[in-house]
Amino acid sequence: MRQPKIVIVGAGLVGGTAALFCAVAIPSAQIVIIDVERIRAEGQALDLAHASAFWGHDRFYPGDYDLAGDADIVVITAGAGVKPGMTRLDLAQINARIATDIVERIAPLAPEAIYVLAANPCDVLAHVVYDRLRCGRERVISTGTTLDTARLRALLSERLSVVSPAIHAYVLGEHGESALIHWSRASVSGMPLDAFLAQTGKELGPASRDLILRSVHEAAKLIKEGKGATHYGIGSAIGRICQAIVHNSDTILPVAIVHAEVEGVPEVCVSLPMRVDGSGARLVAYPELTAGERKALQRSARAVKEATEGVLGSNKASGPKTSPSRRRAAKGAAR
Ligand code: NAD
């Protein structure tokens, strides 16, 4: 049987950590690592080969785009960092150009690939990639609020003294400031959160819930103050998404695709609980929301839509950056 091929573009902290989680979660996978700085991809692959030797995986291939042929999954973690004086829109435009260039190189070689966008702003970049490929919506996935949801569950686990797998609670919307917590349908140990709180005598009032949301939003800032970058959480989330795709396991994860419409906002890439399997990510059931949650999700969808239009508009205005032959090849490969 063919070994699944995962191509990770961007061999920095996030790309390297994602490669390690993928190797441990999917021992049969071939993992190709590509970076604009080839030497960085080579260094990561060597270090990873040593790390994963204990876990039964030995197939890391650093190199160039020619190794991406027939990729099953392409993970994009390549991106510029924020530089002094740079706005969020500047960064989004630069990373959108990087993502577009990567997709145009890979699409002709791997026409069936599923894309996983982790570079930021991941929801906007996923929309840009989908816009370029015009493939099935399910095939371009933003890691979305998987990381925010992991942060939420870690906080609740500590607060409620229950292991996080027993907690079902999602962060929805944008991976960013406007995200919301779907409190009304949160459950712990198989019972609604409020029933669990009542039985255990624990308290989680409006002020505590606001504080938890703020802590989810500010987690990245706190981690960066301590160690300079965040990469284990997102690396683990990428590993889990890739595992669900390769194992075709119908896992429910809060990832984002470009939805036809969310709370009245058309064509928008925000996170909802999605089924992730071998064909990508699909919405199987729209979450039941309170009126307040609907409003918050609509606000979040509008924020992502506005950011996306800023990037798509400026990309169109500045014109394509690639050669006509590469554009033709990418178009032919898109479904
Ligand atoms: P990093 O600087 O360590 O790595 C980025 C890598 O991308 C570098 O190795 C760089 O050489 C490479 N690169 C840049 N342009 C490229 C191109 N055109 N082609 C190929 N490679 C290219 O950064 P990092 O800490 O690994 O973060 C990567 C991205 O992940 C950032 O955008 C960051 O904001 C994002 N991130 C997302 C989440 C999330 O939840 N989605 C969480 C953490 C970080």
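See above for the structure.
In this convention, every chain numbers its residues from 1, walking through the sequence in written order. Where local features are concerned, this predicted model is filtered to residues with pLDDT of at least 70; where side-chain atom pairs are given and counted, the filter is 80 or more; whole-chain, interface and lining totals use all residues. Note: side-chain values were computed over all heavy atoms of the structure, leaving out hydrogens and water.

Peer 1: Explain the site of the ligand to me, and be specific about the residues and the numbers.
Peer 2: Taken together, 22 residues surround the ligand, and among them Val14, Asp35, Arg40, Ala118 and Asn120 come closest. Two N or O atoms form a polar contact when they lie within 3.5 Å of each other; inside protein one atom must be a possible hydrogen donor and the other a possible acceptor, and for residues adjacent in sequence the pair counts only when both atoms belong to side chains. In the model, a nitrogen atom of the ligand is placed 3.2 Å from a nitrogen or oxygen of the Val36 main chain. Contact distances for the ligand include 2.7 Å between an oxygen atom and a side-chain N or O atom of Arg40. Proximity criterion: a residue is near a molecule or strand once any of its heavy atoms comes within 4 Å of it.

Peer 1: Explain the nonpolar core to me, using residue names and the numbers behind them.
Peer 2: A general trend in soluble globular proteins is that nonpolar side chains are found buried together. Throughout, nonpolar core names a set of buried Ala, Val, Leu, Ile, Met, Phe, Trp, Tyr and Cys residues whose side chains join them through atoms within 4.5 Å. When accessible area is computed with a 1.4 Å probe and restricted to protein chains, residues below 20% of their type maximum are described as buried, those above 50% as exposed, and intermediate ones as partly exposed. In this structure, Ile6, Ile31 and Ile33 are the most contacted members of the largest nonpolar core, which totals 48 residues. Of the residues forming this core, the biggest block, 7 residues, is contributed by helix H8 (residues 232–246). Contact criterion: two residues are considered in contact whenever any of their non-hydrogen atoms come within 4.5 Å of each other. What Ile31 contacts, discounting residues up to four positions off in sequence, is Ile6, Ile8, Ala19, Cys22, Ala23, His57, Arg59, Phe60 and Tyr61. The next biggest cluster of nonpolar side chains, apart from the first, holds 36 residues, and it includes Val103, Val129, Cys269 and Leu312. Secondary structure elements are taken from DSSP: a helix is a run of H or I of four residues or more, a strand is a run of E of two residues or more, and numbering for both begins at the N terminus.

Peer 1: Outline the environment of Glu138, listing residues and values.
Peer 2: Structurally, Glu138 can be placed in the loop between helix H4 (122–133) and strand E6 (140–142). Of the residues examined, Glu138 reaches a relative accessible area of 18% and is grouped as buried. It is 23 Å that separates the C-alpha atoms of Glu138 and Arg299, two residues lying 161 residues apart in sequence. When neighbours within four sequence positions are excluded, Glu138 is seen to be in contact with Ser279, Gly280, Ala281 and Arg282.

Peer 1: Hey, could you go over unusual backbone geometry for me, with residue numbers and the actual values?
Peer 2: Cis geometry marks the peptide bond from Asn120 to Pro121; its omega dihedral reads -5°. For Pro121, the location among the structural elements is in the loop between strand E5 (114–117) and H4. Non-glycine residue Arg134 carries a positive phi angle of around 50°. Unlike most non-glycine residues, Ser161 shows phi in positive territory, near 55°. Tracing the backbone through its elements, the reader meets Ser161 in the loop between helix H5 (146–160) and strand E7 (167–168).

Peer 1: Any chance you could break down the pairing of strand E12 (residues 251–262) for me, citing the residues and the numbers?
Peer 2: The buried fraction of E12 amounts to 9 of the 12 residues, a majority that puts the element mostly inside the structure. Any two strands between which DSSP finds at least two bridges are classified as paired. Between E12 and strand E13 (residues 265–277), which pair antiparallel one after the other, the connecting turn spans 2 residues, and Glu263 there sits at a positive phi close to 50°.

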